[in-house]
Amino acid sequence: MATSRGFCFGVEDAIEIAEAAVAAHGAGKVVALGPVIHNKQVVSKLEQAGLNQSGDIETIDPAHAVLIRSHGASPETMQRAKDRGLQVVDATCVLVKRAQNVVRQLHEEGYHVVMIGDPEHPEVQGVIGYAPDVTVVDTGSDLEAALPYKERLGVVAQTTHSPEHVAGMIAEILKRPYREVKIVNTLCLEVTRRQEAAIALCSEVDVMFVLGGLHSANTKEMARLCRDAGTDTYHIETWEQFEPRMAAGKKVAGVTAGASTPEWVIREFVEKLEEM
Ligand code: SF4
């Protein structure tokens, strides 16, 4: 098992805040704006405890409280919640909040803000709301297509991206004739530690199992890094998706998990694999 794996403090905090909100407001009276974290097992446990979920703030009953998940939300969404009279319970991770503040500050200092991240990811969609006209780039071709010429660029990254990917993108940006490029490191060390531990484990095993939600950005990134390290890698959510062919002919298996995967999912997987 990877020495660093599974739940990060941001996810633990978000779950605690969600549970406390349901205890304070009552079952069925708190609505999360999207899944609290990218893990189906945890989300369904919270639902059983009485947390509702909606993807649209306009459909939430004003008598209920709205829970902002660990990925955060744009200022526009926060304002909309207040305008509708919803009580806001904010479970945004402190590191995502920092990225939001950095984007606002860079804009106020006169930089054109560039975010290296997946434009479809809810964290990115929230963070870019903190400045007008943020350019989001995630690949070299995005740079070609979208990066405008501005004298001063301020660069941040999605918290869950790998330092290696972000460094590559920054190197590409620096090849262009910008007069000033200010880079603020918004990467999450919790994620970096898990990535490093997974890569280290790859050198000791024949196959890697990366456990976590199929939509979880940090889990997907970890699986990609393991594959890039040359190890057969499977990204699955739980033991239910395990197939014997995945371990056929392998002697040593490595197991790690994304930042939104609870320890019981990891333990159950390892126990079943050992039994097999
Ligand atoms: S992975 Fe990092 S940024 Fe994301 S919730 Fe966890 S601690 Fe926060």
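Worth saying up front: this structure is predicted, and the values here are computed from it rather than measured.

With respect to spatial proximity, 15 residues lie near the ligand, and among them C8, G10, C93, T159 and C188 are the closest. Listing elements by their share of the shell around the ligand, those giving two or more residues are α1 (9-25), α4 (94-108) and α8 (189-202). The biggest single contributor to the shell around the ligand is α1, with three residues. Broken down by class, the residue content of the shell around the ligand amounts to nine nonpolar, five polar and one charged.

In contact at an axis separation of 9 Å, α8 and helix α9 (residues 217-228) are set at 30° when each is read in the N-to-C sense. Considered as vectors, α8 and α9 are oriented roughly parallel to each other. Once α8 is placed against α9, the crossing between them reads as right-handed. Contacts between α8 and α9 involve V191, R194, Q195, A198, I199 and C202 on the former and, on the latter, N218, M222, L225 and C226. Here the contact of α8 with α9 is composed, by residue class, of seven nonpolar, two polar and one charged.

Bringing the nonpolar core into the picture now. One finds A14, A18, V36, L67, V103, V113 and M115 to be the most contacted residues of the largest nonpolar core, which totals 53 residues. Here this core takes six residues from α1, the largest share from any one element. Contact partners of V113, with chain neighbours within four places excluded, come to V103, L106, H107, A131, V134, G154 and V156. Listed in part, the 19 residues of the second largest apolar core include A2, A198, M222 and I266.

Looking at the assigned domains, one finds that the chain contains domain 1 (9-93), domain 2 (95-187) and domain 3 (190-275). The C-alpha-based centres of domain 1 and domain 2 are spaced at 27 Å. In this assembly, eleven residues from domain 1 lie in contact with eleven residues from domain 2. Residues that form the side of domain 1 that touches domain 2 fall into these classes: three nonpolar, seven polar and one charged.

Turning our attention to the pairing of strand β1 (residues 30-33). Neither face of β1 is left uncovered, since the one carrying V30 and A32 and the one carrying V31 and L33 both have all their residues buried. Note that β1 and strand β2 (residues 51-54) share four bridges and pair parallel. Pairing of L33 across the sheet is with S54, part of β2. Regarding the hand of the β-α-β motif, the stretch spanning β1, helix α2 (residues 40-48) and β2 is right-handed. As paired strands, β1 and strand β3 (residues 65-68) are joined by three bridges and run parallel to one another. Bridge pairing in β3 places V30 opposite A65.

Before going further, it helps to spend a moment on the environment of A32. Relative to the helices and strands, A32 is located in strand β1. For A32, a count of 27 C-beta atoms within 10 Å puts it in the buried group. Residues A32 and K251 lie 219 residues apart in sequence; the distance between their C-alpha atoms is 43 Å.

Burial analysis of strand β7 (residues 152-157) places five of its six residues in the buried class, the great majority of the element. As paired strands, strand β5 (residues 112-116) and β7 are joined by five bridges and run parallel to one another. Residue pairing for β7: H112 is matched across the bridge by L153. Note: β7 against strand β8 (residues 180-183), four bridges, orientation parallel. Bridge pairing in β8 links V155 to I183. In this view, the connection linking β7 to its parallel neighbour β8 by way of helix α7 (residues 163-174) has right-handed handedness.

Attention now goes to the sheet that holds β1. Sheets are built from strands that pair by backbone hydrogen bonding, the pairs being arranged parallel or antiparallel. Strand order in the open sheet made by the four strands is β2-β1-β3-β4, with parallel pairing throughout. In the strand order of this sheet, the two ends are held by β2 and β4 (87-90), each with one partner. Each strand axis lies, on average, 35° off the axis of its neighbour in the sheet, ignoring direction.

This part takes up the sheet that holds strand β11 (residues 253-257). The strand order across the open sheet built from three strands is β10-β9-β11, with neighbouring strands paired in parallel fashion. Looking at which strands have only one partner, the edges of the open sheet turn out to be β10 (232-236) and β11. Going across the sheet, the axis of each strand differs from the next one's by a mean of 20°, ignoring polarity. Where strand β9 (residues 207-211) meets β10, five bridges bridge the pair, whose relative direction is parallel. Residue pairing across strands places M208 opposite T233, the latter belonging to β10. Set on the sheet, α9 makes contact with β9, β10 and β11; between it and β10 the angle comes to about 170°. Running over the sheet, helix α10 (residues 263-275) touches β9 and β11 and is turned about 165° from β11.

About the cut-offs
- Residues numbered from 1 in each chain as written.
- Predicted model: local features only at pLDDT ≥ 70, side-chain atom pairs only at ≥ 80, totals over all residues.
- Near = placed C-beta within 6 Å.
- Helix = DSSP H or I, 4+ residues; strand = E, 2+ residues; numbered from the N terminus.
- Nonpolar A, V, L, I, M, F, W, Y, C, P; charged D, E, K, R; others polar.
- Axes fitted to C-alpha atoms, helices over the stretch in contact; angles between N-to-C directions.
- Parallel < 35°, antiparallel > 145°, perpendicular 65-115°, else oblique.
- Left-handed = near helix turned anticlockwise from the far one by under 90°.
- Contact = placed C-beta atoms within 7 Å.
- Core = buried A, V, L, I, M, F, W, Y, C linked by C-beta atoms within 7 Å.
- Buried ≥ 20, exposed ≤ 12 C-beta atoms within 10 Å, placed from the backbone.
- Domains from an automatic or database assignment.
- Pairing = 2+ DSSP bridges.
- Right-handed = clockwise from strand over helix to strand, strands pointing away.

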